[in-house]
Amino acid sequence: MTDEPAVDDAIDAPRVESLIRLEAEVGVLMRRAKRAMRIRGRMLHPDLPPGGYMVLTWVAEHGPLRASALVDGLGIDKGAVSRMVQAIVDLGLLERHPDPEDGRASLVSLTAEAREGLDRVARERRVRFSDRLSDWSPDDIDRLSAMLSRYNEALEGQGS
């Protein structure tokens, strides 16, 4: 046993309790988000592999891009990304094109089917989201968005 104080001893008790509640709520949010991603993926294509929806939304936002950019952006193992991209290509939701800057490399981009599917799923998601938050004012939603943005900025690059 050591005489050094526990890490929590350096933080006042009310703040520790607040941080514990925040960690718990973020955990719930993460589990819900993971479940929602699986459901959205199945809405897009019943055979989309786990994590495939996240890959498609990343490519939609940042693509066309190399698979290595997916590894960096999503923090997923290179081999797993390679297998997932191939599975999604096989489903007809991603396509490969030669990289004009490096003929040895290829870029992945969404197919028209994937783009239409993502748009459809996003519209359906917004309707459900609006229904679930029907008693929230736009100001409430904006305040939560601002706090989540602040939270994400505080944790950026921290691995937390």
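On a predicted model such as this, the values are computed, not experimentally measured, just so you know.

**Notes on the packing of helix α2 (residues 52–62) against helix α3 (residues 67–74)**
Logical step 1: Direction vectors running N to C along α2 and α3 enclose 110 degrees, while the axes themselves pass 11 Å from each other. It follows from the interaxial angle that α2 and α3 lie roughly perpendicular. In contact with Met 54, Val 55, Trp 58 and Val 59 of α2, α3 contributes Ala 69, Leu 70, Gly 73 and Leu 74.

**With respect to helix α5 (residues 112–132)**
Logical step 1: Over its 21 residues, α5 runs 30 Å from end to end, which matches the ideal 30 Å to within 8%, given 1.5 Å per residue.
Logical step 2: For α5, the set of buried residues is Ala 114, Gly 117, Leu 118, Val 121 and Ala 122. Along the axis of α5, the buried residues cluster in a sector spanning 135 degrees; they form a single face. Seen from the buried face of α5, the exposed residues on the opposite side, beyond 90 degrees, are Ala 112, Glu 116, Val 127 and Asp 131.

**What to know about the packing of α3 against helix α4 (residues 78–90)**
Logical step 1: Between α3 and α4, whose axes approach to 9 Å, the crossing angle comes to 120 degrees. Viewed along their axes, α3 and α4 adopt a mutual orientation that is oblique. For the pair α3 and α4, the crossing hand works out as right-handed. Contacts between α3 and α4 involve Ala 67, Leu 70 and Val 71 on the former and, on the latter, Lys 78, Val 81 and Val 85.
Logical step 2: A per-class count over the contact of α3 with α4 returns five nonpolar, no polar and one charged.

Conventions adopted
- Residues numbered from 1 in each chain as written.
- Predicted model: local features only at pLDDT ≥ 70, side-chain atom pairs only at ≥ 80, totals over all residues.
- Heavy atoms only, no water.
- Axes fitted to C-alpha atoms, helices over the stretch in contact; angles between N-to-C directions.
- Helix = DSSP H or I, 4+ residues; strand = E, 2+ residues; numbered from the N terminus.
- Parallel < 35°, antiparallel > 145°, perpendicular 65-115°, else oblique.
- Contact = heavy atoms within 4.5 Å.
- Expected span 1.5 Å × (residues − 1).
- Buried < 20%, exposed > 50% of the residue type's maximum accessible area, 1.4 Å probe, protein only.
- Arc of directions from axis to C-beta.
- Left-handed = near helix turned anticlockwise from the far one by under 90°.
- Nonpolar A, V, L, I, M, F, W, Y, C, P; charged D, E, K, R; others polar.

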